[in-house]
Amino acid sequence: KGSYALTNPKPYAIDLVFVFPVQSQSNRILLSNLTFEVAGAPERLPLDVATDKLVWTGRLAAGEARQFDIGFRGQGLERFTYRMDPGLPVRDFSLHIDIQGGDSYDYVLGVVPAHEVAPGEDSVALQWGFDALESGVPVGVLLPSETSFDAVIGTMALRSWATFAIFFVGLMLLSRHFERPLTRHETYLTAALYAFFFVLLPYLAAYMNFYVAYVLAGSATGGLLYLFLIRVLSARARLYVAGLIVALLIVPTLAVVFEQHTGLIYSLEILAGLIVATFLFGNPRFRALLETGKGSGNDRQGELIRAE
């Protein structure tokens, strides 16, 4: 919304022309909910096709004051630039912009930056103010559109080495437990399947919505990894394998997607791990399995030698 107030300083009536530039054909769609009032009464503001401007004309009596109010609701707006006529003086100029749904704003080339910036949670407020200008200057801002998912994917990939290292340790423990060591080529294939998630996701995201691409990439690579590992280890390992994939591929990447809730996501994952550990260590069969595993390495090696 914009308000413009003026008073006729002349001792006689003057003609007024109120001009609102549209600037581009595409921006006309953003003005579909345009409202225009003169002295509080709605007025029609027709589009001058020749000049690509919205133009209103009227008359102002001597000493008479008049206020103009114009507003519109923009959807899909990526930038907002207010260009004052560089050849005309400006008095008592004030512009306030509230941005909701993001705080990563930037400025259009050539505009004057805001005098006051008040960041909030997923929002930012910008304020411009000039008491007097001998010639108008452009002001405006580049609005945050969708989150830059290139940065999100980059952060995922950057952190993946740590999560894969833990995943690989857990996989080695499972292979020991189920007495099925992974061969070299099986190890390479497992690593390739895990890493391919970070290759497939950006390519899918280039052609579709990021969240849809994330679900597809996670389902495809996670599903293949799950099917491969339960065939290699044992069908009895399916819950353990699923847990490893969810805990060390899905959850860490989700924590990057929902960066503002990373702490909560990891806290819930740790809580789930503690619950599982409490249940396992309280199970006599699991404790007996651990006790058996302590001294079974040499015994099994001897059995293998005797079998050979």
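Residues numbered from 1 in each chain as written. Predicted model: local features only at pLDDT ≥ 70, side-chain atom pairs only at ≥ 80, totals over all residues. Heavy atoms only, no water.

Colleague: Would you explain the overall build of the protein in this entry?
Modeller: Looking only at helices and strands, one finds 7 helices and 12 strands in the protein. The contacts of the protein with a sequence gap of at least 6 include a subset with a gap of at least 24, amounting to 68%. Carbon and sulfur atoms make up 60% of the accessible area of the protein, which totals about 19900 Å². (Helix = DSSP H or I, 4+ residues; strand = E, 2+ residues; numbered from the N terminus. Contact = heavy atoms within 4.5 Å. Areas by Shrake-Rupley, 256 points an atom, 1.4 Å probe, with all protein chains shown as cover.)

Colleague: Hey, could you run me through the packing of aromatic side chains in this one?
Modeller: How two aromatic rings sit relative to each other is set out by the distance from centre to centre and by the angle between their planes. Taken as a whole, this structure holds 17 aromatic pairs when the rule is applied. When the centroid spacing of 5.4 Å and the interplanar angle of 65° are considered together, the rings of Trp56 and Phe68 count as edge-to-face. With Trp56 in strand 6 (residues 53-60) and Phe68 in strand 7 (residues 65-71), this pair connects stretches of sequence that are 12 residues apart. Centroid distance Tyr194 to Phe198: 6.1 Å. Interplanar angle 50°. Geometry classified as tilted. Placement of both Tyr194 and Phe198 in helix 2 (residues 184-205) is noted, with a separation of 4 residues, approximately one turn of the helix. Each member of the pair Tyr194 and Phe198 is classed as buried. (Phe/Tyr/Trp six-rings, centres within 6.5 Å; stacked < 30°, edge-to-face > 60°. Buried < 20%, exposed > 50% of the residue type's maximum accessible area, 1.4 Å probe, protein only.)

Colleague: Quick question: what am I supposed to make of the sheet that holds strand 11 (residues 123-133) here?
Modeller: The strands that make up a sheet pair up through hydrogen bonds in the backbone, lying either parallel or antiparallel. Strand order in the open sheet formed by 3 strands is 9-11-10, with antiparallel pairing between adjacent strands. The open sheet has two edge strands with one neighbour each: strand 9 (90-100) and strand 10 (116-120). Each strand axis lies, on average, 10° off the axis of its neighbour in the sheet, ignoring direction. Here strand 9 pairs with strand 11 via 10 bridges, running antiparallel. Counterpart to His96 in the pairing with strand 11 is Gln127. (Pairing = 2+ DSSP bridges. Axes fitted to C-alpha atoms, helices over the stretch in contact; angles between N-to-C directions.)

Colleague: How should unusual backbone geometry be read in this particular structure?
Modeller: Glycine aside, residues mostly have negative phi, and peptide bonds are mostly found in the trans state. The phi dihedral of Asp92 falls on the positive side, at around 50°, and the residue is not glycine. Residue position: Asp92 is located in strand 9. Of the residues examined, Asp92 reaches a relative accessible area of 65% and is grouped as exposed. You will see that Glu179, though not glycine, has its phi angle at about 55°, which is positive.

Colleague: How should I be thinking about the environment of Ile14 in this particular structure?
Modeller: In this fold, Ile14 is placed in strand 2 (residues 14-21). Separated by 46 residues in the primary sequence, Ile14 and Leu60 have C-alpha atoms spaced 5.4 Å apart. Contacts of Ile14, omitting those with residues within four sequence positions, involve Asn8, Gly58, Arg59 and Leu60.

Colleague: In this structure, what is going on with the nonpolar core? I would like to understand it.
Modeller: Burial of nonpolar side chains together is a common tendency in soluble globular proteins. Met156, Phe167, Phe197, Leu201, Phe210 and Val241 are the most contacted members of the largest nonpolar core, which has 34 residues in total. Going through the elements one at a time, helix 1 (149-177), helix 2, helix 3 (210-232) and helix 4 (238-257) are the ones with two or more residues in this core. Broken down by element, the residue count for this core peaks at 9 residues, all from helix 3. Core analysis: the next-biggest nonpolar cluster, separate from the first, contains 14 residues, Ala114, Val124, Leu126 and Val141 among them. (Core = buried A, V, L, I, M, F, W, Y, C linked by side-chain atoms within 4.5 Å.)

Colleague: Looking at this structure, how should I read the sheet that holds strand 3 (residues 35-38)?
Modeller: Pairing in this open sheet of 4 strands is antiparallel, and the strands run 1-7-3-4 from one edge to the other. Both edges of this open sheet fall to strand 1 (2-7) and strand 4 (41-42), since each of them pairs with a single strand only. Pairing between strand 3 and strand 7: 4 bridges, direction antiparallel. The partner of Val38 across the bridge, within strand 7, is Phe68.

Colleague: Honestly, the side chain of Arg66 in this entry has me stumped. Any pointers?
Modeller: Examined against the element boundaries, Arg66 turns out to sit in strand 7. Looking at Arg66, the relative accessible area reads 13%, which means it is buried. Within the local environment of Arg66, its side chain forms a polar contact with the backbone oxygen of Arg59, the two atoms lying 3.2 Å apart. Reaching out from Arg66, the side chain makes a polar contact with the side chain of Glu64 at a distance of 3.0 Å. (Polar contact = N/O pair within 3.5 Å; in protein donor to acceptor, adjacent residues only side chain to side chain.)

Colleague: Would you take a moment to explain helix 4 for this structure?
Modeller: Think of an α-helix as turning once every 3.6 residues; residues three or four places apart then point the same way. The end-to-end C-alpha distance of helix 4, which contains 20 residues, comes to 27 Å, matching closely the 28 Å that a straight helix rising 1.5 Å per residue would cover. Remark: the principal bend of helix 4, roughly 30°, maps to Val246. Those residues of helix 4 that sit buried are Val241, Leu244, Ile245, Leu248, Leu249, Val251, Pro252, Thr253, Ala255, Val256 and Val257. (Expected span 1.5 Å × (residues − 1). Bend = angle between axes of the 7 residues up to and from the residue.)

Colleague: I would appreciate a short explanation of the pattern of salt bridges in the present structure.
Modeller: Note on pairing: side chains with opposite charge can pair once their charged atoms come close. Scanning the model with the defined rule gives 3 salt bridges in all. For Arg59, the salt bridge is made with Asp15, and the minimal N-O distance between the two is 2.5 Å. Here the residue Arg59 occupies a position in strand 6, and Asp15 occupies one in strand 2, the gap between them amounting to 44 residues. The pair formed by Arg59 and Asp15 is uniform in burial state, with each residue classed as exposed. A salt bridge links Glu64 to Arg66; its shortest N-O distance comes to 3.0 Å. (Salt bridge = Lys/Arg side-chain N within 4 Å of Asp/Glu carboxyl O.)

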